[in-house]
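What follows is each chain in one-letter form.
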Amino acid sequence: MGPVVEITDLKKTYAQGTEALAGVDLCVEKGDTFGILGPNGAGKTTLISIICGILAPFSGNVKVFGQTLGKGRYPRKLVGLVPQDIALYPTLTARENLLYFGRMQGLSGRTLTDSVKKTLGFLGLAESSNRRVEVCSGGIRRRINLSVALLGEPQLLVLDEPTVGIDVQTRVNILEKIAELNKGGMTVVYTSHYMEEAQKVCKQVAVITSGRVLTNGALKEVLSAHKECGNLEDVFLKLTGRSLRE
Amino acid sequence: MKEFFATLHKEFLIFFRDRAGLGIVFLMPMVLVLVVSLVQESTWVAIRAQNMEVLVVDDDGESLGKAVVRGLADSGLCRVVTKISGRPITVEDARTTIMSGRYRFAVIVPAGSTRRVREEMERATIPLFSGEKAAKRKVGGRDEAPRVTLMLAPDLTSLFQEALIANIRLLLRGVEMVVLQEEIVTRVAGFSSWGTGATPEQDEEEMGGNLVLPKRGLVGLGLEYPRKESIILPSSVQQNVPAWSLFGMFFILIPMAGSIITERVQGTLIRLYTTPAPMKAVFGGKIAMYTAVCCVQFCLMLGIGLFVLPLLGLPTLVITGGAAAIPLVVFSAALAAVGFGLLMGCVFSSLMKAAMFGAVCIVIFAALGGIMVPVFVMPKMLKIISNISPLAWAQNAFTEIFARGGGLSDVWVEICALLFFSVASLVVAWIVEHGKGRNGFRAL
């Protein structure tokens, strides 16, 4: 079986002239936990938006589950996205949100209710399920945000900085759940600013800045290629520099 | 205090760096003021500039008829039409064309009016010269009095009707004075000499004391509303309830646009784009929901006209036309408003911009659509422009149903126009959304 995501010479320039991606090559194999790491404005969100089929046009070639984007139907049922923002309806409860997005995933009847129940249970949300999202804590909202993407049991889970703005406990919980999902066979593409976190979770990493891939490969290989650096954060700083970004 | 000024500075920078926002804040109100001023002014300019057309049926053919035609033409009130297709207008022609909405009012001078005016004048002026006391020479009863009829279209606003009636009354008084003057001159010419030795003041007192004219004038003014049998006389309720309900309905575009923008800002729309759900389901659901809200809104307004306004001493709203056509007009108008709202939601990135632009657009559409001032009194150019207003189409349809007793066959063109506007808005919205690359490879 071919790679889950295969990207060749991907370029994306926004209408205002901002070059977000300047020739990206990446390959995500099935069962990987692939970390896309980069400073603010590196092009991470643009990259995963294209992978998820919600941003066009672009130049280059992107294949997801063997399907070339722009030609034929995008394999939506196989991909789950966890956006960086809490993409939920604040006045609906967690359950209502899940039911709605589950229906939009094509689930219905018993399959839907079972899926909602299973997902809420998996992320420890059963008790909060009947509370409106707007009154939930940041940590619970993050978990609900993740749970929506899991409803259709996707084969590829794309997470855009899923642990931003939450406490350590919730972060650890979310990372454990991601690891558990990966162990169950789900391919995970994950962007983060937290190198320590990425080092724990990812098997493969790509460091990008200004729309260019600086390094890409297995975590162990990346660390061994920069032996002078003690950890992934040092590698990251060495590659991307210490200067502040826009 | 430092925080206050820092915030003030920040807001100043944000505000003046947002070109689109600046345009909305400054240009749109200017357009609004311009359009509303033009429309409002046009009510009076139209009257002065002979913009309106009045049918005059001169069955009299003598001085009164001629004086009415001349008086109307000279007054600058309107443009006088005495012939249709090259032949003089009959009373029946006037009735038919007003019922069809082609003309809004007509003045009918019945045959023999001048003769009857002369008779009345004679009776009124005899005491001046005979010395008989006026009290004994009461001017003839109203039944015998000459009567000019003013035919009014049922969709004329009550305010406009009152203005028109007052103007016609004034005109008739002027005509009476001319005829009276002629009569006096004729009679005075018959005397060889005044030679009474009385002072001018005494003469005046004597003459004035003996001249008795009815307070409401010699020529009576009758009103007629040519209409199908089912139609009641027009009232402000009959005109205002549908018109302003429509105005209110179109404000649905703000929550509709807000819904799209909020979803985009929240990220839920992006999330929906990643699901296999067809976008026609996502947007169709929204459209259906807001269209339903609009229809409920109209029902409530209708309920107010039917049940609440009579409690306040106003006439009850009466559905005179084909009731079956009303839901179709309401539905198509709601769909047009919602479609436009969706377009606003796709075009604008912030709710504030969409709300401001949308609200101003509604007011402009309403002003052009005859909600505030009837379209028929607008200058030619504005009349043409008013044809692009969806509120004008909906208002025309409601006028046809509520004021003229029309049915589906009378309003299908307006319904089609509203539906077309709605579909066009949705197509443009989709193109905008697609053009911004927000929906990736999704297709409806």
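Quick caveat, the model's predicted, so the values are computed rather than measured.

1. Re the overall build of chain B
- Helix and strand counts for chain B come out as 16 helices and seven strands.
- Within chain B, buried positions represent 49% of all 444 residues.
- Restricting the contact set of chain B to residue pairs at least 6 apart, pairs at least 24 apart contribute 81%.
- When the accessible surface of chain B is split by element, carbon and sulfur atoms take 66% of a total near 21,300 Å².

2. Here's the deal with unusual backbone geometry
Residues and elements named next belong to chain A.
- We note that Glu 161 has phi near 45 degrees; this positive angle belongs to a residue other than glycine.
- Relative to the elements of secondary structure, Glu 161 occurs in the loop between strand E7 (156–160) and helix H5 (168–183).
- A residue is classified by how much of its surface remains accessible, and Glu 161, at 7% relative accessible area, is buried.
- Phi at Ser 210 takes a positive value of approximately 50 degrees, unusual for a residue other than glycine.
- Examined against the element boundaries, Ser 210 turns out to sit in the loop between strand E9 (204–209) and strand E10 (212–218).
- On the accessibility criterion, Ser 210 (44% relative accessible area) is partly exposed.

3. With respect to the interface of chain A and chain B
- Taken together, the contact between chain A and chain B spans 25 residues of the former and 20 residues of the latter.
- Ranking the residues of chain A by area buried against chain B places Ile 54, Arg 76 and Met 104 of chain A at the top, with a combined share of 35%.
- Between chain A and chain B we count zero salt bridges in total.
- Here chain A and chain B share six residue pairs in polar contact (both at pLDDT 80 or more) between them.
- Elements with a contribution of two residues or more to the side of chain A that touches chain B: strand E6 (79–82), helix H2 (94–104) and helix H4 (138–150) of chain A.

4. A short note on the pattern of salt bridges
Residues and elements named next belong to chain B.
- Enumeration according to the criterion identifies eleven salt bridges over all chains in this entry.
- One salt bridge connects Arg 87 with Asp 93, and the closest N-O pair in it is separated by 3.3 Å.
- With relative accessibility at 45%, the residue Arg 87 sits in the partly exposed group.
- Taking relative accessible area as the criterion, Asp 93 reaches 19% and is therefore assigned buried.
- Among the salt bridges present, the one from Glu 92 reaches Arg 95, with a minimum N-O distance of 3.0 Å. Of this pair, Glu 92 and Arg 95 are both found in helix H4 (residues 91–100), three residues apart, which corresponds to roughly one turn of the helix.
- Take Glu 92: its relative accessible area is 45%, and that puts it in the partly exposed class.

5. Quick word on the packing of aromatic side chains
- The final tally for this structure, using the stated rule, is eleven aromatic pairs over all chains.
- Ring centres of Tyr 89 of chain A and Tyr 100 of chain A lie 5.7 Å apart, and the angle between their planes is 75 degrees; on these two criteria the pair is classed as edge-to-face. Here Tyr 89 of chain A, found in the loop between E6 and H2, pairs with Tyr 100 of chain A, found in helix H2; they are eleven residues apart in sequence, far enough to count as distant.
- Residue class for Tyr 89 of chain A comes out buried when judged on its relative accessible area of 12%.
- Using a relative accessible area of 26% as the deciding quantity, one classes Tyr 100 of chain A as partly exposed.
- For the ring pair Phe 247 of chain B and Phe 251 of chain B, a centre distance of 5.3 Å and an interplane angle of 85 degrees mean the geometry is edge-to-face.
- According to the relative accessible area criterion, Phe 247 of chain B is buried, its value standing at 15%.
- Through a chain of ring-to-ring contacts, three or more aromatic side chains come together here, namely Phe 340, Phe 365, Trp 393 and Phe 421 of chain B.
- Here the basic side chain of Lys 177 of chain A rests over the ring of Phe 122 of chain A, its NZ or CZ set 4.8 Å away from the ring centre.
- Over the ring of Phe 101 of chain A we find Arg 271 of chain B; its NZ or CZ atom is 5.6 Å from the centre of that ring.

6. Notes on the sheet that holds strand E5 (residues 105–109) of chain B
All names here are of chain B.
- Spatial strand order, E2-E1-E5-E6-E7: five strands in an open sheet with mixed pairing. In this open sheet, the two edge strands, each paired with only one partner strand, are strand E2 (79–81) and strand E7 (220–224). Averaged over all pairs of adjacent strands, the angle between their axes in this sheet comes to 25 degrees, without regard to strand direction.
- Direction of pairing for strand E1 (residues 53–58) relative to E5: parallel, over a ladder of five bridges. Across the sheet, the residue bridging to Leu 55 is Ala 106, located in E5.

7. Observations regarding helix H16 (residues 408–435) of chain B
Residue and element names in this part refer to chain B.
- Here H16 is 28 residues long and its end C-alpha atoms lie 39 Å apart, about the 40 Å a rise of 1.5 Å per residue gives.
- Of all the bends in H16, the greatest, near 25 degrees, is centred on Glu 414.
- Regarding H16, the residues found buried are Val 411, Glu 414, Ile 415, Leu 418, Phe 421, Ser 422, Ser 425, Ala 429, Trp 430, Val 432 and Glu 433.
- Its buried side turned inward, H16 meets helix H9 (253–266), helix H10 (268–273), helix H11 (279–308), helix H12 (325–347) and helix H15 (390–403).

8. Brief notes about the side chain of Thr 399 of chain B
- Relative to the assigned elements, Thr 399 of chain B resides in helix H15.
- A distance of 2.8 Å separates a polar atom in the side chain of Thr 399 of chain B from the backbone oxygen of Gln 395 of chain B.

9. Section: the sheet that holds E6 of chain A
Residue and element names in this part refer to chain A.
- On the basis of which strands lie adjacent, the open sheet formed by six strands has the order E6-E7-E8-E3-E9-E10 and mixed pairing. Bordering the open sheet on either side are E6 and E10, each of which pairs with just one other strand. When strand polarity is set aside, the average angle formed by the axes of neighbouring strands in this sheet is 15 degrees.
- Sheet analysis places strand E3 (residues 33–37) next to strand E8 (residues 187–192), joined by five bridges and oriented parallel. Among the inter-strand pairings, Phe 34 is bridged to a residue of E8, identified as Val 189.
- On the sheet, H4 packs against E6 and E7 and is oriented at approximately 170 degrees with respect to E6.

10. Remarks on the packing of H9 of chain B against helix H13 (residues 351–368) of chain B
Residue and element names in this part refer to chain B.
- Orientation of H9 relative to H13, taken along the N-to-C sense of each, is 160 degrees, at an axis distance of 9 Å. In terms of orientation, H9 lies roughly antiparallel with respect to H13. For the pair H9 and H13, the crossing hand works out as right-handed. Listed contacts from H13 to Leu 253, Ile 254, Ala 257, Gly 258 and Ile 261 of H9 are Leu 351, Ala 354, Ala 355, Gly 358, Ala 359 and Ile 362.

11. A look at a nonpolar patch on the surface
All names here are of chain B.
- Taken together, the side chains of Ile 304, Phe 307, Val 308, Leu 311, Leu 312 and Leu 314 define a hydrophobic patch exposed on the protein surface, amounting to about 630 Å² of accessible area.
- Inspection of the secondary structure puts Leu 312 in the loop between H11 and H12.
- Given the relative accessible area of 64%, Leu 312 is considered exposed.

12. Considering the nonpolar core
- Within the largest apolar cluster, 141 residues are counted, with the highest numbers of intra-cluster contacts made by Ile 7, Leu 10, Leu 47, Val 64, Leu 156 and Leu 157 of chain A.
- For this core, the leading source of residues is H12 of chain B, giving 15 residues.
- Once residues lying within four places of it in the same chain are set aside, the contact partners of Leu 156 of chain A are Val 4, Val 5, Ile 51, Val 64, Phe 65, Leu 78, Val 79, Gly 80, Thr 187 and Val 189 of chain A.
- Met 121, Ala 153, Leu 172 and Leu 180 of chain B belong to the second-largest nonpolar core, a separate cluster that totals 41 residues.

Calculation notes
Residues numbered from 1 in each chain as written. Chains lettered and ligands numbered in written order. Predicted model: local features only at pLDDT ≥ 70, side-chain atom pairs only at ≥ 80, totals over all residues. Heavy atoms only, no water. Helix = DSSP H or I, 4+ residues; strand = E, 2+ residues; numbered from the N terminus. Buried < 20%, exposed > 50% of the residue type's maximum accessible area, 1.4 Å probe, protein only. Contact = heavy atoms within 4.5 Å. Areas by Shrake-Rupley, 256 points an atom, 1.4 Å probe, with all protein chains shown as cover. Buried area = accessible area lost by both parts, 1.4 Å probe. Salt bridge = Lys/Arg side-chain N within 4 Å of Asp/Glu carboxyl O. Polar contact = N/O pair within 3.5 Å; in protein donor to acceptor, adjacent residues only side chain to side chain. Phe/Tyr/Trp six-rings, centres within 6.5 Å; stacked < 30°, edge-to-face > 60°. Lys NZ or Arg CZ within 6 Å of the ring centre and 35° of its normal. Pairing = 2+ DSSP bridges. Axes fitted to C-alpha atoms, helices over the stretch in contact; angles between N-to-C directions. Expected span 1.5 Å × (residues − 1). Bend = angle between axes of the 7 residues up to and from the residue. Parallel < 35°, antiparallel > 145°, perpendicular 65-115°, else oblique. Left-handed = near helix turned anticlockwise from the far one by under 90°. Patch = residues over 30% accessible without salt bridge, like charges linked within 9 Å, V, L, I, M, F, W, Y side chains within 5 Å. Core = buried A, V, L, I, M, F, W, Y, C linked by side-chain atoms within 4.5 Å.

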